[in-house]
Amino acid sequence: MPANLPPQYFEAEKNFRLAKTTPEKIVALEEMLSSIPKHKGTDHLRAELRRRMSKLTQAVDKKTATQRASMVILKEGAAQIVVVGPPNAGKSQLVSSVTSASPTVAEYPFTTHSATPGMMEFENIQIQLIDTPPLVAHSIESWLPPTLIRADALLVLVDLSDDPLAQIENITDELGEMRIGIEARKADEEENGTVGQKKALIIGNKIDLPQASRNYMALQNKYQDQLPVTAISAQKGIGLEELKLKVYQM
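Scope of this entry: the structure provided in the associated data block. (Residues numbered from 1 in each chain as written. Predicted model: local features only at pLDDT ≥ 70, side-chain atom pairs only at ≥ 80, totals over all residues. Heavy atoms only, no water.)

## Here we look at the packing of helix α4 (residues 91–98) against helix α8 (residues 240–249)
And step 1. At a minimum axis distance of 11 Å, the contact between α4 and α8 shows a crossing angle of 90°. By the angle between their directions, the pair α4 and α8 is classed as roughly perpendicular. Of the residues in α8, those touching α4 at L94, S97 and V98 are L240, L243 and K244. (Axes fitted to C-alpha atoms, helices over the stretch in contact; angles between N-to-C directions. Helix = DSSP H or I, 4+ residues; strand = E, 2+ residues; numbered from the N terminus. Parallel < 35°, antiparallel > 145°, perpendicular 65-115°, else oblique. Contact = heavy atoms within 4.5 Å.)

Written as structure tokens, this is what we have:
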């Protein structure tokens, strides 16, 4: 039976060949796997892609195991808050813009591979922000879940130029895999099998780009009754003072 592979598969296959890092390869394989029609003619191909994905994931796990001990960041200041989000949402740019930290900032994804702390000041109060690698299925760093659990709150950063609602769903799914939930206020007790209910603030980044205002409105309509939501441009410096206030109020 012929495979009849769609154009999306070949585009993802091209991305896999061009990928320079293991996480990028894992993302491309995942896109290839999700685009393949499910029938007997594709059974062998799907099994091969799963095997390759498993091999790459194991390689990532082995590499990060040697880094695990060094990734415990001691709390400083009034609170420790971790910035999470998808690739290229602007997490490093945000931390660089509001703290004295210098994480690698670039216009392409997967530039952050470790946790970078920095201190944000608001009205003489020091708050520790931590930049983290992107939340991507099958490539979560082994030290990230305990880092998120230890934190006092999370900043959930999304890219307003590219379907922020889907990004939030993916983020909550990945956090759910780590048994971490997010809400406006930290829960007193564990719920639904989670080991950590974290206070969270949703941040829509790149508000200066086309379509961003419309996407931000959709984000507000969906989540403003559940979680605080704000919009910024980390690169242009838009909305950063209001963001500091909202972080202070968490």
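What follows picks up the thread again.
## Structural notes on the nonpolar core
The nonpolar side chains of soluble globular proteins are, as a tendency, buried together.
And step 1. Grouped together as the largest cluster of nonpolar side chains are 29 residues, with contacts concentrated most on L148, L175, I202 and L219.
And step 2. For this core, the secondary structure elements donating two or more residues are β1 (80–84), α5 (144–150), β4 (153–159), α6 (164–177), β6 (196–205), α7 (212–223) and β7 (229–231).
And step 3. Ranked by the residues each element gives to this core, the list is headed by α7, at four residues.
And step 4. The contact partners of L148, leaving out residues within four places of it in the chain, are V82, V84, L154, L175, M178, I180 and K198.
And step 5. Ranked by size, the runner-up nonpolar core spans 20 residues in total, among them V83, V95, M120 and L157. (Core = buried A, V, L, I, M, F, W, Y, C linked by side-chain atoms within 4.5 Å. Buried < 20%, exposed > 50% of the residue type's maximum accessible area, 1.4 Å probe, protein only.)

## Overview of the packing of aromatic side chains
And step 1. Scanning the model with the defined rule gives two aromatic pairs in all.
And step 2. With centroids separated by 5.5 Å and ring planes inclined at 85°, the aromatic side chains of Y9 and F10 adopt a geometry described as edge-to-face.
And step 3. When its relative accessible area of 4% is taken as the criterion, Y9 is described as buried.
And step 4. Assessed through its relative accessible area of 44%, F10 is described here as partly exposed. (Phe/Tyr/Trp six-rings, centres within 6.5 Å; stacked < 30°, edge-to-face > 60°.)

## Considerations on the pairing of strand β3 (residues 125–131)
And step 1. With five of seven residues buried, β3 lies mostly within the body of the structure.
And step 2. Where strand β2 (residues 116–122) and β3 come together, seven bridges link them in antiparallel fashion. Looking at the pairing, F122 lines up with I125 of β3.
And step 3. Linking β2 back to β3 in an antiparallel pair, the connection comprises two residues, with E123 at a positive phi of about 50°. (Pairing = 2+ DSSP bridges.)

## Some words on the pattern of salt bridges
And step 1. Under the counting rule described, the total for this entry stands at six salt bridges.
And step 2. For D43, the salt bridge goes to R46, with nearest N and O atoms at 2.5 Å. Of this pair, D43 and R46 both sit in helix α3 (residues 43–65), three residues apart, roughly one helical turn.
And step 3. Accessibility expressed as a relative area gives 38% for D43, which makes it partly exposed.
And step 4. R51 is the salt-bridge partner of E48, the closest N and O atoms lying 2.7 Å from each other. Here E48 pairs with R51, and both are found in helix α3, just three residues apart, close to one helical turn.
And step 5. Classification of E48 by relative accessible area gives partly exposed; the value is 26%.
And step 6. Exposure remark for R51: the relative accessible area of 45% places this residue in the partly exposed category. (Salt bridge = Lys/Arg side-chain N within 4 Å of Asp/Glu carboxyl O.)

## Regarding α7
And step 1. An ideal rise of 1.5 Å per residue puts 16 Å on 12 residues; α7 measures up with 16 Å between its terminal C-alpha atoms.
And step 2. All of the buried residues in α7 are A212, N215, Y216, L219 and Y223. Taken down its axis, α7 places every buried residue within 105° of arc, on the same side. Those residues of α7 that are exposed and aimed more than 90 degrees away from the buried face are R214, M217 and N221. (Expected span 1.5 Å × (residues − 1). Arc of directions from axis to C-beta.)

## Concerning a negative patch on the surface
And step 1. Taken together, the side chains of D162, D163, E169, D173 and E177 present a region of like negative charge at the surface.
And step 2. Mapped onto the secondary structure, D162 falls in the loop between β4 and α6. (Patch = residues over 30% accessible without salt bridge, like charges linked within 9 Å, V, L, I, M, F, W, Y side chains within 5 Å. Areas by Shrake-Rupley, 256 points an atom, 1.4 Å probe, with all protein chains shown as cover. Lys, Arg positive; Asp, Glu negative; His and termini not counted. Charge placed at Lys NZ, Arg CZ, Asp CG, Glu CD.)

## Considering helix α1 (residues 7–18)
Because the α-helix completes a turn every 3.6 residues, residues three or four places apart line up on one side.
And step 1. With 12 residues, α1 extends 17 Å between its outermost C-alpha atoms, agreeing within 8% with the 16 Å of an ideal straight helix rising 1.5 Å per residue.
And step 2. Listed in full, the buried residues belonging to α1 are Y9, A12 and F16. What you see down the axis of α1 is that its buried residues fit within an arc of 70°, all on one side. Away from the buried face of α1 by more than 90 degrees, exposed residues P7, R17 and L18 are located.

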